[in-house]
Structures are given as structure tokens and as C-alpha cells.
Amino acid sequence: MSLTQSPALDIASTASLAARRLAILSNTERNEALTALYQGLLTNKDAILQANARDVASASHAAEKGDLNFSVLKRLDLSRPGKYDDMLQGILSVRNLKDPIGNVTLRTLLDDGLTLERVSCPIGVLLIIFEARPEVIANIAALSIKSGNAAILKEGGKESTESFVAISRVISEAISNTRVPRSSIQLVQTRDAISSLLAQDSLIDLVIPRGSNDLVRYVKDNTKIPVLGHADGLCSAYIHHDADLETSVRVIVDSKTDYPAACNSLETLLVHETVLGTILPAVGKALVAKGVTLRCDEPSRTALIDTLGAAQMDSIVDAVDSDYNTEFLDLILAVKTIPASASGLDVDAAISHINTHSSKHTDIILTKTRSTADYFMNSIDSAGVFWNASTRFADGMRYGFGTEVGISTNKIHSRGPVGLEGLTIYKYLVRGDGHRAGDYFEGEGGKQWKHEALQL
């Protein structure tokens, strides 16, 4: 990794050259760089956490003055239990994954002596713009090196500058003694360089924004480069009339309270009206006990008033329409009642609400019936749809990807948590022996295609 203040064109050109060299390194050589990266971050853990603590102190002061969202502060803190260790383990997990480059996914005999192969290959140059996420540098460095891509990293804010500089220096030193070019991973320090980098569409192949809604929308509106990411994490859960009470409590509480500032945290709870007096009170009590404020429609509020104690009612407020379109990133949950349908297809109302209001991130259903779950999962147009499982499972590490560069809600080559596979594309390789396309035609003297599938 190199710290640079060069002009955007020079940065992108350097990254493009590095990407070509990186793409032809062996899996062993790339893995050796990941081992060095891991060792460097482990050895320098104390120094990096000290730098991060200075960032957190400054950010805490800004949050107290109202100049910074507390959810950003939570994401910034590398000292949270397990966070640094998870970052380190993610590097090892990526290293131990199968090589994503050079895998043949299609092989066809076009004619005698003429074969076609589809082979996985790196995308090229990635531009990652991020806010208050120090672990992103390590995640991106590991995934980029393993997948053979060069990466340009640009901080979209100033909240975590000391953390980023400390981590980048360690990574730069670590990979300098490996076959991976130092310029494969560049941290850009130039102020106001985002717009200039976004203009390098001839050299940068993919942009991945990691941060606020405003950042993601800015990136999408100001570049011709393909963008992979999501603006909102508006995740919903639906409790069907046959849901199990204990399962519902466990899943909903985890989805909302395990890490409220995460994009895979639950924001809207849909409850079938027949369980307002049974399952909802148990779920409500458990959530309120964790400090959650419930913004309820009239039927759900009435049900909770009848069952919760007076002291707990301070956590129950009236919902407004905008609550069902809000990513709170806090201990706040919007609750809405799904009415029973005369047709018996009550789940359709929940599906309609989610597909209308969802950000297409992750949505879940609580039900005992597989056919209902399958119907819901096939009908919801989101990157992740779960049955009786927490929204918090929408994560690259938990999917077994090692780590992730982000989560995509786009309908492109990669959707959901984006790991190694999402950072590769493919190319077609044709091998012949003087074959000419003009020799293949119908009629006398024309050659015919064989188009026979060959074993991979």
C-alpha cells in the first residue's frame, strides 16, 4: 500500500499498471502477501488502536455537539469487543479460500481443433470511497490482493484519518517485501480528490462506496464508472400468524439489537393481526428491555398498551408514515399491523409492503410453514431473504466469504455481501489452429459447428 497525494490521473494510471502485474501472480504469491499483511496488523495492533482511539475521541466530541451521527461513531471504534480480531481473522479466511482466478466455468468444442473456454479473471482497478470504517482498508486489501485487483482507497470524511494512516503504513510495509506491487493498494490523501477520481472512467473499472446514504448517492450521480453498493439498509421482518413465539423473540431481538448501527439491522416489524395479543407482547417486552423504542401503528400500539407495564409505555410512540421508509441505525423500530385477508393470502400484504418500502437489502419471515416461507422468499425482491433467521446473517464473513467489500443491492453481476467471487468477472478464451469464421456457412463447401460441451 502506498500513501499518495498525486493527481487523480496519475493515481489511476499507476493502479492500472499494478493491476496488470497483480493479475498474473500465482495464488501462492498472493497468499504470501496476505500472510505478511496479517502479521503486520497483528504486530502493530496496539499502535493502530491508539491512533483509532484519537479518532474516536474527536468523533465523540463531534457527536456530543450534534455534528456527527452516533451510528458513525459506533462504526469508527476498532476497540469494540472482537472487532479488531474479526478484521485479522478475515484476512486469514480470505487467504484460505480457493483461488478465484483462472477457474474454467464453460468449455465447448466449437469444431475439431477449435475450443472455447470461459475463465474467471480480475475486474481490474477498484475505487473504494468510505467513511468512518477503518477496517475497510484491511478488508479491501485482502480481497483485492486475493482476487488480483488493484484498489484505490479514498476516505470520504475526516473522522478516521489517523486510523487510516496508521493501518495503511503497516500494510505498505508488510507487502513491500512480497511480489505484490506496493501500488496495488493506494490510500489517497489528497483533499477533494473524489470528483477527480470519479472522472477516471477509462482507468477505473468499479466504484464501491462504503458510508452514508449521501455518499452513495453522490457517487452514483457523479460518475460513469459502474457503482456497486447500496444507499440504505431498510430491512423488514414479517411475523406470520403461525410463527413460533420463542423463535420470533430470538430472531427479532437479535436483528434489531445485536448491532443497531449496521446496515443489516432490522428497521421495520410487520405483525399479523392475529398475533398482536400473543407474539407481539413477548417481542415488545424483549425489545423494550434492550432499550428499543417502538414506533407503532394504532392496532399494535393498542395491543402493547394492554400487555406492557406503565414504565414500559414510555418506549411506545405513535408511528408516522415516514417511519416505514426510515433507516434508523439506532434502537428504534417501526411496527405495522398486517390485516387478515378473506382470501387467506395474508402474506401478500406483507410482501407488498416490503417490496414497496424495502431498500432491497435483507428481509425475513417468521413462520412454521415451509410453503409460506418459500412463497415469501420467492416473492421478495431483495438481495437477501431469510426464513426464521436474523437479518444480521447478511454479512460476508457469516456467509463464509472471509470478509466483504460491501453489500450490493444492485441487479448486476454481484448482489448481497460481495466477497471474492463478486470481485471477479470472466473472459472467453478461444484456441484454434488457423480457423476462419468465414469457412462456416450453410450449403456446399461450408463447415458446420459442433458446439459440444466438454468436461470442465
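Residues numbered from 1 in each chain as written. Predicted model: local features only at pLDDT ≥ 70, side-chain atom pairs only at ≥ 80, totals over all residues. Heavy atoms only, no water.

## Digging into the packing of aromatic side chains
Right, on to step 1. Within this structure, the stated rule accounts for five aromatic pairs.
Right, on to step 2. On the basis of an interplanar angle of 80 degrees and a centroid distance of 5.6 Å, the ring pair of Y426 and Y428 is categorised as edge-to-face.
Right, on to step 3. Overall, Y426 belongs to the partly exposed group, its relative accessible area being 49%.
Right, on to step 4. Note on Y440 and W449: the rings are 4.0 Å apart at their centroids and 10 degrees apart in plane angle, and the pair reads as stacked.
Right, on to step 5. Since its relative accessible area comes to 12%, Y440 is described here as buried.
Right, on to step 6. Stacked on the ring of Y426, the Lys or Arg R118 has its end atom at 5.5 Å from the ring centre. (Phe/Tyr/Trp six-rings, centres within 6.5 Å; stacked < 30°, edge-to-face > 60°. Buried < 20%, exposed > 50% of the residue type's maximum accessible area, 1.4 Å probe, protein only. Lys NZ or Arg CZ within 6 Å of the ring centre and 35° of its normal.)

## Considerations on unusual backbone geometry
Right, on to step 1. Even without being glycine, L329 reaches a positive phi, approximately 55 degrees.
Right, on to step 2. Position of L329 relative to the elements: it lies in the loop between β11 (316-318) and β12 (332-338).
Right, on to step 3. Relative accessible area serves as the criterion here: at 13%, L329 is assigned to the buried category.
Right, on to step 4. For K360, which is not glycine, the phi dihedral falls at a positive 70 degrees.
Right, on to step 5. Within the element layout of this structure, K360 appears in the loop between α13 (347-357) and β13 (362-366).
Right, on to step 6. When its relative accessible area of 25% is taken as the criterion, K360 is described as partly exposed. (Helix = DSSP H or I, 4+ residues; strand = E, 2+ residues; numbered from the N terminus.)

## Here's the deal with the packing of helix α10 (residues 245-257) against helix α11 (residues 279-289)
Right, on to step 1. In the contact formed by α10 and α11, the axes pass within 9 Å of each other and the chain directions differ by 35 degrees. The two elements α10 and α11 cross, and the hand of that crossing is right-handed. Together, L245, S248, V249, I252, V253, K256 and T257 of α10 and I279, A282, V283, A286 and L287 of α11 make up the contact between the two elements.
Right, on to step 2. Split by residue class, the contact of α10 with α11 holds nine nonpolar, two polar and one charged. (Axes fitted to C-alpha atoms, helices over the stretch in contact; angles between N-to-C directions. Left-handed = near helix turned anticlockwise from the far one by under 90°. Contact = heavy atoms within 4.5 Å. Nonpolar A, V, L, I, M, F, W, Y, C, P; charged D, E, K, R; others polar.)

## Considering the sheet that holds strand β2 (residues 104-111)
For sheets, the rule is that strands pair by backbone hydrogen bonds, running either parallel or antiparallel.
Right, on to step 1. The four strands are arranged β17-β3-β2-β18 in an open sheet whose pairing can be described as antiparallel. Both outer strands of the open sheet, β17 (424-431) and β18 (452-453), are each paired with one neighbouring strand and no more.
Right, on to step 2. Inspection of the sheet shows β2 paired to strand β3 (residues 114-122) by six bridges, in the antiparallel sense. If you follow D111 over to β3, its bridge partner there is L114. (Pairing = 2+ DSSP bridges.)

## Comments concerning the environment of E117
Right, on to step 1. Within the secondary structure layout, E117 lies in strand β3.
Right, on to step 2. C-alpha of E117 to C-alpha of C235: the two residues are 118 residues apart in sequence and 40 Å apart in space.
Right, on to step 3. Residues in contact with E117, not counting those within four places in the same chain, are V104, L106, R107, K427, Y428, L429 and R431.
Right, on to step 4. A distance of 2.9 Å separates the side chain of E117 from the side chain of R431, its partner in a polar contact. (Polar contact = N/O pair within 3.5 Å; in protein donor to acceptor, adjacent residues only side chain to side chain.)

## Topic: the domain arrangement of the protein
Right, on to step 1. Domain assignment breaks the protein into domain 1 (3-222) and domain 2 (235-398).
Right, on to step 2. Summarising the inter-unit geometry, the C-alpha centres of domain 1 and domain 2 are found 34 Å apart.
Right, on to step 3. Domain 1 puts six residues into the contact, and the matching count from domain 2 is six residues.
Right, on to step 4. Contact with domain 2 buries surface across domain 1, with S71, K74 and R75 losing the most and accounting together for 67% of the total.
Right, on to step 5. Inspection of the region where domain 1 meets domain 2 yields zero salt bridges. (Domains from an automatic or database assignment. Buried area = accessible area lost by both parts, 1.4 Å probe. Salt bridge = Lys/Arg side-chain N within 4 Å of Asp/Glu carboxyl O.)

## Some details on helix α6 (residues 135-147)
Right, on to step 1. Between its first and last C-alpha atoms α6 spans 18 Å; for 13 residues at 1.5 Å apiece the expected length is 18 Å, and the two agree.
Right, on to step 2. Of all 13 residues in α6, 13 are buried, a share of seventy percent or more.
Right, on to step 3. Note on α6: the residue one or two positions beyond its end, G148, has a positive phi of about 75 degrees. (Expected span 1.5 Å × (residues − 1).)

## Points about the sheet that holds strand β10 (residues 293-296)
Right, on to step 1. If you trace the seven strands from one edge of the open sheet to the other, you get β11-β10-β12-β9-β8-β13-β14, paired in parallel fashion. Both outer strands of the open sheet, β11 and β14 (384-387), are each paired with one neighbouring strand and no more. Looking at each pair of strands side by side, their axes are set apart by 25 degrees on average, direction ignored.
Right, on to step 2. Looking at chain direction, strand β8 (residues 235-239) and strand β9 (residues 266-272) are connected through five bridges and run parallel. Note on β9: the bridge partner recorded for A237 is L269.
Right, on to step 3. Here helix α12 (residues 298-305) sits on the sheet in contact with β10, β11 and β12, set at roughly 130 degrees to β10.

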